[in-house]
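Fold and contact review
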Amino acid sequence: MTIEINDILQKSGIELKEQLTYICKHSELICNFITKYPEIIVFLERNKGNVRNQEDILQDARAFISNDSSENEFCKKLRILRMREYLLIAYNDLILKKDVKDITSHLSSFAACVLQLAYEKAYNDLMEKYGEPILEDSGERNRFCILGLGKLGGWELNFSSDIDIIYVYESEKGGTKGGNSQPIENHNFFVKLAEKITNYISKNTEDGIVFRVDLRLRPDGEKGAIALPLRSYELYYESYGQSWERMMLLKALPVASDTDLGELFLKAVKPFIFKKSIDYKLIEELSSVKAKINERVKYKHDKMNVKLGKGGIREIEFIIQVLQILNYAKYPDIYRRNSLDALDLLKEYNLLGAKEAEILKDAYIFLRKLEHMAQIEKGLQTHRIPYNAKGFEKFLERTGYTDKKRFFSDYDFYTTNVNRIFSDILKENEVNPVSIVFDEEMRDDDIAEYLESVGIKYPKECGHLLKKIARGRKSKPRSASESQILAKILSIIIQEIKHSQNPITTLEYFEKFFSINNTIHFFYDIFCEAPKILEQITTIFSISPYLSNIVIKNNNILDYIYDPQNPNYKEDDIFRLFYTLVKDIEDEEIEYDVVRKKHQELIFNAGYAYINKKINVIQFNRSLTKLAKAIVKIAFMREKKRLERKYGIPLIDEESECDYIVIGMGKLGSEEMSLGTDLDMIVLYESDGYVSSAEMSNKEFYSKLVQKVISYVSTITVFGFLYKIDMRLRPSGASGTLVTSLKSFENYQKKKAMTWEKQALLRAAAIYTSGKTLEKYFNEIRAKSLFEKCITKKEIHEIYEMRQRIEKEKGTGLNFYDIKAGFGGIIDIEFVVQMLQLFFGCKYKEIRVTNTHNALHFFKKFNLLSNRDFYALHNAYLFYRNLENLIRAYQNTSSSRLPKDKSVLSHISTFFGFKENGYEKLFKEYEAVRKTVRSAYNRIFEKYL
């Protein structure tokens with residue numbers, strides 16, 4: 001000990017010096033206190049032997065801390081108060097061997113005192129700044145109270161307890177008056193007050209903390225408001241209160257500020273805690289709580305955890321709380337917050353046998369003593385007996401044992417008997433092991449250990465996500481029924497993700513899915529009818545972000561998983577479906593949402609069928625195209641009607657209406673649309689003229705129509721957007737007008753169209769027209785422009801050079817992973833097909849088709865390709881189209897680049913049948929396909945060049 005300490009001790013005598021030496025031997029925490037502030041020994045000498053109550057402590061504390069202290073000074077003095085009081089408590093415990101009840105009462109009194117001091121300081125500072133919080137109705141001061149829960153509420157704090165508290169104020173109606181700053185609403189005032197109190201006590205300074213403050217027992221836990229009005233508590237417990245909260249509130253005690261308001265709180269929640277008759281539903285729920293405690297013990301693997309272990313303090317508390325709640329209606333006098341007092345009353349009313357009551361009392365005192373002796377050494381919040389650590393000998397010494405064997409014998413006696421009595425209370429329900437995720441007592445490491453034991457990869461991250469799912473979000477706390485349902489569902493999900501390469505992503509989607517209002521009950525209804533739906537959703541969430549996001553946004557998708565519709569769409573059927581949905585809707589915003597929601601459902605239905613191999617990639621792309629065509633038709637019809645109401649009808653002359661035609665280009669025209677494809681199209685109108693009731697040309701009218709359609713299709717709502725529209729393939733490209741007359745289009749194709757524009761026209765098809773003759777006219781223009789004569793070698797060379805230019809601009813070489821534009825990619829196949837169509841189209845009408853896959857088959861039929869080249873290009877085309885759709889489904893992107901993420905490639909590889917080492921096998925297959933395509937491409941172009 002330091003010279004300064006010795007100087008103080010010289011005045012006190014050798015006995016105190018020896019006693020403090022003993023304390024310092026057994027408590028590093030107290031030794032540090034004395035070393036830093038030796039004057040606290042004087043306080044000990046003056047008070048030793050006293051078990052101080054709240055009033056005594058408060059009187060001394062107010063004399064020690066002045067009212068005008070700065071925040072820093074106030075916090076420092078609070079911590080010195082703690083050191084003084086803890087030295088006295090340690091002395092009473094280690095030297096005088098005071099009863100456990102005396103020690104816990106002293107600790108609890110000090111905690112209540114500190115809360116009162118912190119409240120007074122925070123309230124005065126805030127009142128000076130903002131004024132006093134006033135009730136709107138009465139004009140009186142708005143009251144505030146701090147309620148202790150758990151061990152603080154039971155007046156039985158241990159040496160290193162958190163203090164569980166909640167903050168309640170009278171009413172949120174009204175605001176502050178009389179301060180130096182702008183007045184604020186009552187709720188804001190009390191939130192600031194609660195935050196300040198918490199900070200004063202729990203802020204870590206150079207002198208440590210006073211108490212760790214735990215506010216997680218408030219409504220909505222960590223996500224809930226830190227302070228709430230009385231009525232909000234009442235409504236919360238009426239609507240959402242769970243069994244564990246009834247047990248928690250048994251120990252609620254007003255400990256600081258306006259205790260009259262605290263009593264009103266207790267009166268308000270009393271009907272929630274205690275029912276007027278036997279609550280059979282509660283009995284069942286308590287059985288589940290009991291089973292959860294057993295499960296906790298099982299997974300914590302704590303052989304000697306005095307709180308949570310087998311036969312520990314928590315089991316004693318459960319016995320007391322269950323008997324109080326179940327018997328209160330008949331014996332209201334049995335209710336006591338303090339465990340030892342409650343056991344006496346339970347014995348008195350014969351709700352516990354005399355022998356059992358005495359065993360529980362003795363066990364409680366024994367275990368609490370051990371808990372104190374474990375914590376007093378370093379001030380750590382531990383409940384574990386250090387039976388296999390170096391300090392075990394010292395631990396035994398301060399607990400009064402000299403014989404290890406006797407200690408272990410006593411420990412086993414008490415915990416075995418407690419567990420026996422615990423096991424006899426209520427019939428135990430079977431518990432779902434995953435219920436530990438819902439258990440606030442379980443640490444993240446314990447949950448991770450459980451998940452690892454059942455074979456889950458990334459157990460720590462998965463445990464965190466499971467807890468998020470279990471707790472719900474701030475805006476929507478979990479009700480008791482939701483938690484019960486989730487426990488059942490999550491146990492199955494855990495089984496499903498055992499073999500997942502990326503369970504984290506799967507659980508992230510489930511967290512989003514179950515955070516949506518009413519999803520849990522809605523899903524559970526379907527799950528009870530068709531349990532397999534959970535396996536199916538788990539699969540979707542694990543492999544397809546694209547489809548997963550649709551599921552999360554749209555609850556109707558569950559119907560399509562439960563009862564899939566025919567994924568081979570017919571354009572007329574889809575159009576009629578959408579037309580029926582929107583024909584009577586006047587509000588455009590509502591129409592946008594309705595169309596997008598149904599569009600999502602149909603995209604999902606086809607995508608789900610494709611991923612599950614109910615349809616092949618050709619059928620899938622065709623269905624996506626039919627859906628897109630129906631949407632385009634709806635958009636043009638609806639927007640044209642709106643424009644006509646506003647401006648009139650476009651006319652060629654006084655009697656003839658000017659018709660128009662929408663031409664699908666690229667994948668839209670060739671029926672090769674994949675997930676996330678843009679719509680390439682051009683719009684042609686019949687002839688120049690003017691609108692009937694406005695000074696507007698037909699070109700202006702149809703330009704406005706195209707702009708409106710672009711908005712209809714691409715506007716983003718809560719259900720996303722339908723498509724992006726690309727009109728750069730129109731005559732003169734992006735610099736040209738949005739619409740063109742048919743005659744101008746014809747002249748352009750005859751006189752100005754370049755070779756690449758002819759290639760684009762090969763995939764052009766009419767997808768909607770308002771006039772019966774326009775489609776025929778367009779097809780004639782197309783045929784004359786493309787197939788009147790064979791292309792020349794010069795034009796073939798232009799196609800070849802164009803391909804080289806694309807590859808050079810977008811990346812070259814075997815290391816570039818663009819499956820479309822890269823070496824041996826889809827463009828190789830498309831350019832071969834387009835070159836052959838332009839060369840042989842004048843001779844074979846059948847090959848004038850817009851679809852690449854169909855064209856390849858016609859080439860084979862007419863021997864325009866060798867078998868070798870046909871199979872090379874055909875098989876590669878199917879491989880690439882599958883790969884393109886899977887990349888987009890598995891990455892939620894419109895990219896055509898092979899992902900470098902091995903986990904994504906591993907998922908994709910399973911679709912192709914690669915099971916083991918899927919990533920490597922898929923990559924090798926991809927490299928082989930590229931080389932095969934490029935070889936066929938070179939052979940074919942060399943032949944014609």
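For the structure itself, consult the block above.
The model shown is predicted, which means the values in this text are computed figures rather than measured ones. (Residues numbered from 1 in each chain as written. Predicted model: local features only at pLDDT ≥ 70, side-chain atom pairs only at ≥ 80, totals over all residues. Heavy atoms only, no water.)

Glancing now at the overall build of the protein. Along the backbone of the protein there are 40 helices and 16 strands. Here the protein has a C-alpha radius of gyration of 39 Å; the compact-globule value for 945 residues is 30 Å, and the former is much larger. The principal-axis extents of the C-alpha atoms in the protein amount to approximately 120 × 65 × 60 Å. Going through the 945 residues of the protein one by one, you find that 58% of them count as buried. Put simply, 73% of the contacts in the protein that link residues at least 6 apart link residues at least 24 apart. Total accessible area on the protein stands at roughly 41,600 Å², and carbon and sulfur atoms take up 48% of it. (Helix = DSSP H or I, 4+ residues; strand = E, 2+ residues; numbered from the N terminus. Rg over C-alpha atoms; globule rule 2.2 N^0.38 Å. Buried < 20%, exposed > 50% of the residue type's maximum accessible area, 1.4 Å probe, protein only. Contact = heavy atoms within 4.5 Å. Areas by Shrake-Rupley, 256 points an atom, 1.4 Å probe, with all protein chains shown as cover.)

Our focus in this paragraph is the pattern of salt bridges. In this structure the tally under the stated criterion is 54 salt bridges. A salt bridge links Glu358 to Lys347; the nearest nitrogen and oxygen atoms lie 2.9 Å apart. In this pair, Glu358 is assigned in helix 16 (residues 354–375) and Lys347 in helix 15 (residues 339–348), connecting sequence segments 11 residues apart. Residue classification places Lys347 among the partly exposed positions, given a relative accessible area of 29%. (Salt bridge = Lys/Arg side-chain N within 4 Å of Asp/Glu carboxyl O.)

The volume enclosed by the second largest pocket comes to roughly 1,800 Å³. Contributing to the lining of the second largest pocket are 49 residues, with Thr677, Asp678, Asp680, Lys820 and Arg888 lying nearest its centre. When contributions to the lining of the second largest pocket are tallied by element, the ones reaching two or more residues are helix 25 (545–553), helix 28 (588–611), helix 30 (666–670), helix 33 (755–762), helix 35 (793–810), helix 36 (826–840) and helix 38 (867–891). The leading source of residues in the lining of the second largest pocket is helix 35, at 5 residues. (1 Å grid on protein atoms, 1.4 Å probe; cavity = no way out; pocket = protein on both sides within 12 Å on 5 of 7 lines; lining within 4 Å. Points joined across faces, edges and corners; volume = space filled by probe spheres on them.)

This next bit is on helix 9 (residues 186–202). Between its first and last C-alpha, helix 9 extends 24 Å over 17 residues, near the 24 Å set by a 1.5 Å rise per residue. Every buried residue of helix 9 is listed here: Asn186, Phe189, Phe190, Val191, Leu193, Ala194, Ile197, Thr198, Tyr200 and Ile201. (Expected span 1.5 Å × (residues − 1).)

As for its placement among the helices and strands, Ala928 is situated in helix 40 (residues 918–944). What makes Ala928 partly exposed here is its relative accessible area of 38%. With 52 residues separating them in the primary sequence, Ala928 and Ala876 have C-alpha atoms 9.7 Å apart.

In this structure the tally under the stated criterion is 0 disulfides. There is no disulfide at Cys145, and the cysteine sulfur nearest it, in Cys113, is 16 Å away. (Disulfide = S-S within 2.5 Å.)

This part covers the nonpolar core. By size, the foremost hydrophobic cluster in this structure holds 170 residues, and its most contacted members are Phe513, Phe514, Phe523, Phe604, Phe636 and Tyr880. Apart from residues lying up to four places away in sequence, Phe513 is in contact with Thr519, Phe523, Ile537, Phe541, Val551, Ile552, Asn555 and Leu558. (Core = buried A, V, L, I, M, F, W, Y, C linked by side-chain atoms within 4.5 Å.)

Empty space among the atoms can be located by rolling a probe the size of a water molecule over them. All chains considered together, the criterion is met by 5 cavities of 30 Å³ or more. The computed volume of the largest cavity comes to approximately 80 Å³. Around the largest cavity, the lining residues are Met665, Ile682, Leu729, Arg730, Pro731, Phe745, Tyr748, Gln749, Trp756, Glu757, Ala760 and Leu761. Contributing elements (two or more residues each) for the lining of the largest cavity: helix 32 (742–751) and helix 33. The element contributing the most residues to the lining of the largest cavity is helix 33, with 4 residues. By volume, the second largest cavity amounts to about 60 Å³. Considering the residues around the second largest cavity, the lining is formed by Leu250, Lys251, Glu317, Ile320, Gln321, Gln324, Tyr335, Arg336, Arg337 and Ser339. The biggest single contributor to the lining of the second largest cavity is helix 14 (residues 313–327), with 4 residues. Partitioning the lining of the second largest cavity into residue classes produces 3 nonpolar, 3 polar and 4 charged. (Nonpolar A, V, L, I, M, F, W, Y, C, P; charged D, E, K, R; others polar.)

All right, on to the environment of Arg82 then. Assignment of secondary structure puts Arg82 in helix 6 (residues 71–95). Note on Arg82: relative accessible area 11%, which makes it buried. In contact with Arg82, not counting residues within four places along its chain, are Leu29, Phe33, Phe110, Ile209 and Val210.

Turning to helix 23 (residues 519–529), a few remarks are in order. Listing the buried residues of helix 23 in full gives Thr519, Ile520, Phe523, Tyr524, Ile526 and Phe527. For helix 23, the buried positions fall inside an angular range of 165° around the axis, keeping them on one side. Turned more than 90 degrees away from the buried face of helix 23, the exposed residues are Asp525 and Glu529. (Arc of directions from axis to C-beta.)

Contact geometry of helix 39 (residues 902–911) with helix 40 gives a least axis separation of 8 Å together with a crossing angle of 80°. With respect to each other, helix 39 and helix 40 are oriented roughly perpendicular. Contacts between helix 39 and helix 40 involve Lys902, Leu905, Ser906, Ile908 and Ser909 from the first element and Gly918, Tyr919 and Leu922 from the second. Taken together, the residues that form the contact of helix 39 with helix 40 break down as 4 nonpolar, 3 polar and 1 charged. (Axes fitted to C-alpha atoms, helices over the stretch in contact; angles between N-to-C directions. Parallel < 35°, antiparallel > 145°, perpendicular 65-115°, else oblique.)

Bringing the pairing of strand 7 (residues 253–257) into the picture now. It is a general feature of regular strands that their side chains alternate between the two faces of the sheet. Among the 5 residues in strand 7, 5 count as buried, and that is most of the element. Note that strand 2 (residues 144–149) and strand 7 share 4 bridges and pair antiparallel. Within the sheet, the bridge partner assigned to Cys145 lies in strand 7 and is Ser257. (Pairing = 2+ DSSP bridges.)

For strand 2, the buried fraction is high: 6 of the 6 residues fall into the buried class. The alternating pattern of strand 2 places Phe144, Ile146 and Gly148 and Cys145, Leu147 and Leu149 on opposite faces, both of which are buried. Summarising the sheet, strand 2 and strand 3 (residues 163–169) pair through 6 bridges and their orientation is antiparallel. Counted as the bridge partner of Leu149 is Asp164 from strand 3.

So, about unusual backbone geometry. Excluding glycine, most residues fall at negative phi; most peptide bonds, likewise, are trans. At Asp220, a residue that is not glycine, the phi angle is positive and equals roughly 70°. Locating Asp220 in the fold gives a position in the loop between strand 5 (213–214) and strand 6 (227–229). You can call Asp220 partly exposed: its relative accessible area is 25%. With phi around 60°, Lys613 is a residue other than glycine that occupies positive phi space. Topologically, Lys613 is positioned in the loop between helix 28 and helix 29 (617–647).

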